[in-house]
Amino acid sequence: MSYQPLLLNFEEAAELRKDLGKETLLGKKLARDIAQVNDYMAEVGIEVPGHGEGGGYEHNRHKQNYIHIDLAGRLFLITEETKYRDYIVEMLTAYANVYPTLESNVSRDTNPPGKIFHQTLNENMWMLYASCAYSCVFHTLSDEQKQHIETDLFKQMIDLFVVTYGHDFDIVHNHGLWAVAAVGICGYAINDQESVDKALYGLKLDKVSGGFLAQLDQLFSPDGYYMEGPYYHRFSLRPIYLFAEAIERRQPEIGIYEFNDSVIKTTSYAVFSTAFPDGTLPALNDSSKTISINDEGVIMATSVCYHRYEQSETLLSMANHQQDVWVQSAGKTLSDAVDAADEIKPFNWGSLFVTDGPKGEKGGLTILRHRDAQDDDTMALLWFGQHGSDHQYHSALDHGHYDGLHLSVFNRGQEVLHDYGFGRWVNVEPKFGGRYIPENKSYCKQTVAHNTVTVDQSTQNNFDTATAESRFGSKQFFKADDAKLQGMSGKISEYYEGVDMQRSVLLADIEEFEKPLVIDVYRIKADKEHSYDLPVHFSGQIIRTDFEYNTESTLRPMGESFGYQHLWNLASGDVEGSSLVSWLHGNSYYSLVTSAVEGSKVYFARLGANDPNFNLRSEPALILRQSGQNHVFASALETHGYFNEEFEASVGARGLVEAVTTLADNDDATVIEVTTTTGNTYRFAISNREAGQQELLHEMTIGDERVSFTGSFAQL
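Reading the values: the criteria
- Residues numbered from 1 in each chain as written.
- Predicted model: local features only at pLDDT ≥ 70, side-chain atom pairs only at ≥ 80, totals over all residues.
- Heavy atoms only, no water.
- Buried < 20%, exposed > 50% of the residue type's maximum accessible area, 1.4 Å probe, protein only.
- Helix = DSSP H or I, 4+ residues; strand = E, 2+ residues; numbered from the N terminus.
- Pairing = 2+ DSSP bridges.
- Axes fitted to C-alpha atoms, helices over the stretch in contact; angles between N-to-C directions.
- Phe/Tyr/Trp six-rings, centres within 6.5 Å; stacked < 30°, edge-to-face > 60°.
- Lys NZ or Arg CZ within 6 Å of the ring centre and 35° of its normal.
- Parallel < 35°, antiparallel > 145°, perpendicular 65-115°, else oblique.
- Left-handed = near helix turned anticlockwise from the far one by under 90°.
- Contact = heavy atoms within 4.5 Å.
- Nonpolar A, V, L, I, M, F, W, Y, C, P; charged D, E, K, R; others polar.

J.: Would you explain the pairing of strand E18 (residues 620-628) in this entry?
T.: The side chains of a regular strand alternate between the sheet's two faces. Buried residues dominate E18, accounting for eight of its nine residues. By the bridge criterion, six bridges tie strand E17 (residues 600-607) to E18 in an arrangement that is antiparallel. Along E18, the bridge assignment pairs Ala 605 with Ala 621.

Structure follows, in structure tokens:
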């Protein structure tokens, strides 16, 4: 068979050519790519800079070079304009001219350096995309041109990855995925099957100790979840799909898309289904707050899943949200389907439980979703998986956060209770070289930076990675078959010595409330008394409280360590019975009402203390501090009202929830009561039994009243 480009053959390119100038998703994508590449070719031309620091000029020029020759390759096949071919050939020739004489760059972290970049990860990416571009022009090159580019550039790069850094090549890790995909795709592009085999099956060719198949087999949980979280997970989708498409085209007998029960589909859906309704991905572990389903890898995955796996309405909805497709035959299929659809509703993956750990044995995350008549989605996410570090690659790459039982809530188009994400100004060189800022460890990873309980103002697992890696949570229950009342619950044990915790979250659709109530019951069992803090991270402006508080005339940090040193103590107040705090965020009001015991306090805090370089974002937080031995934080989060400053409109600024009370708590069940200003009361019961015992009858006495229920939870 004659040579064909790796990811887009000549016949497919002719089909994609039909969308040039059209207002389809593919047509608009092609127009954007053409404008982008034309501008870059005109403004930059052929430039091969020397070494530079991560995020600096040289780094970004090398990165933009590989991005644009990759785009140019597909544009050459689709438009048949030779200027794109000439640009690729000149660029690859320029790199081949200098690559053999380049010294190693200087590593800025534990990742070994390449010759172009400060870490081999970036060099892998460069070779992968450059190889894709090369395959698009291969059929136009002379033997002399091929020999120069392959001998002085690609073969030397392959040697760097599989020989010089062979000890890293077989590591099962998201960096390892890029390494094997880069070598495999380059091998296909230059007709080097020996290198392809190493990329597929590992240096030992055993399919277990390394290689792409081992990566797909070992990297993800049975539900497709990747331990480091969605930020790194979506980054893995690009090499997966680029290499998988090349494999399917060159070695279809492998059946890569069916491999391991279609793990490529499973792991893609694990990313898709965790997204907030606005498309952003939750900031679990070290994560950007802005990464979304518009990420290049997710766009590839959406197109290929629709083309090769199932043509579902949800994938159509995702593509409509992304307003983008992959420039490839799969993208053409999806673009045509969106163009032909009469109506496409917002995407909705529903409520779900996703396991963590290679065998699904290390906890996971649960998500509750509710869509109302206005197509507004309320989503709550509860996290209780394993610590998100991966020490088998490099000991310093601990991306895990100490955030067991963290809760995020989203509705009305915005994150209501949020996670800070990572402390990093990506590629902003003046901010610590664009790398992780020191405050990523001193604040962002600490437990107080998340919406979960701290014990004695300290951090889970004593902020020790080895200890954290030995522990993980478990699912208490997850039930979402009744849209009126859904529930999820997780448990963690010994994250603090002698302390067990269970957090249960209900999404209750009750007629008199505008949006579902988020009922949060955080139960703590301990072997002695402790001080318990429940931080609540939100955005917006405080509107009112139902308790008096004193503001601080002199700002002081909330503490000296475990992240508290970065929080200013702005004000505090004593509370009894329950506390109400209401705030305005965007066009919505939110009220959080939390049960309280004698001696409870509410602190108003703001991030920014002990931050001399202004590295941290200035964000508000509430800290609910209560003391005891066995203890329950019972809360109700209410969404209410509407505010529009432009039209001077404000309605429903006061919510309906007046008080939340814990009526009963023991190892059998916990019962709480929500009281409203309209005189109504709502009681919710949560089972504290092990999973196999929850369906049996629960009976409790509350005052003079005997109450009973069956199941994991109930509205009484």
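J.: When you look at the sheet that holds strand E16 (residues 588-595) in this model, what are you seeing that I'm missing?
T.: By definition, the strands of a sheet pair up through backbone hydrogen bonds, in either a parallel or an antiparallel sense. Across the sheet, which stays open at both edges, the eight strands sit in the order E7-E8-E9-E10-E19-E16-E15-E12 with antiparallel pairing between neighbours. Each edge of the open sheet carries a strand with a single partner, namely strand E7 (474-479) and strand E12 (541-545). For this sheet, the mean angle separating the axes of adjacent strands, direction not counted, is 15 degrees. Alignment of strand E9 (residues 499-508) against strand E10 (residues 517-526), held across ten bridges, turns out to be antiparallel.

J.: Teacher, can you tell me more about the sheet that holds strand E4 (residues 406-411) here?
T.: In spatial order, the strands read E1-E2-E3-E4-E5; together these five strands make up an open sheet with antiparallel pairing. Of all strands in the sheet, those bounded by a partner on one side alone are strand E1 (352-355) and strand E5 (414-417). Neighbour-to-neighbour, the strand axes of the sheet open up by a mean angle of 20 degrees, direction not taken into account. As defined by bridge partners, strand E2 (residues 364-371) adjoins strand E3 (residues 377-383) across seven bridges and the pair is classed as antiparallel. The partner of Thr 366 across the bridge, within E3, is Leu 382.

J.: What exactly am I supposed to notice about the packing of aromatic side chains here?
T.: In this description, a pair of aromatic rings is defined by centroid distance and the angle of the planes. Enumeration according to the criterion identifies 28 aromatic pairs in this entry. Note on Tyr 95 and Trp 126: the rings are 4.5 Å apart at their centroids and 55 degrees apart in plane angle, and the pair reads as tilted. Placement of the pair is Tyr 95 in helix H4 (residues 82-98) and Trp 126 in helix H5 (residues 120-137), with a sequence separation of 31 residues. Here Phe 220 and Tyr 226 contribute two aromatic rings whose centre-to-centre distance is 6.2 Å and whose plane-to-plane angle is 75 degrees, an arrangement assigned as edge-to-face. You'll find Phe 220 and Tyr 226 in the same group, each marked buried. Here the aromatic residues Tyr 3, Tyr 134, Phe 138 and Phe 154 are joined through ring pairs into a cluster of three or more. One residue, Arg 234, lies across the ring of Tyr 231, its end atom 4.5 Å from the ring centre.

J.: Looking at this structure, I do not really get the packing of helix H11 (residues 230-250) against helix H13 (residues 296-309). What am I missing?
T.: Think of two packed helices as two axes; the pair is described by the angle between the axes and how far apart they sit. Contact geometry for H11 and H13: axes closest at 7 Å, N-to-C directions at 45 degrees. In this view, H11 runs oblique relative to H13, as classed from their interaxial angle. For H11 against H13, the interelement crossing comes out left-handed. Residues Arg 234, Leu 237, Arg 238, Tyr 241, Leu 242, Glu 245 and Glu 248 of H11 touch H13, and the partners they reach there are Glu 296, Gly 297, Val 298, Met 300, Ala 301, Val 304, Cys 305 and Arg 308.

J.: What's the story with the packing of H5 against H11 in this structure? I'm lost.
T.: At a minimum axis separation of 12 Å, H5 and H11 run at an interaxial angle of 35 degrees. By crossing handedness, the relation of H5 to H11 is classed as left-handed. Touching Leu 121, Met 125, Leu 128 and Tyr 129 of H5 are Phe 235, Arg 238 and Leu 242, all from H11. For the contact of H5 with H11, the per-class residue count stands at six nonpolar, no polar and one charged.

J.: Which parts of the structure should I look at to understand the pairing of E7?
T.: Two elements, E7 and strand E8 (residues 485-496), share five bridges in a ladder whose sense is antiparallel. Across the sheet, residue Ser 474 finds its bridge partner in E8, namely Lys 491. Between E7 and E8, which follow one another and run antiparallel, lie five residues.

These figures come from the coordinates and say nothing about function on their own.
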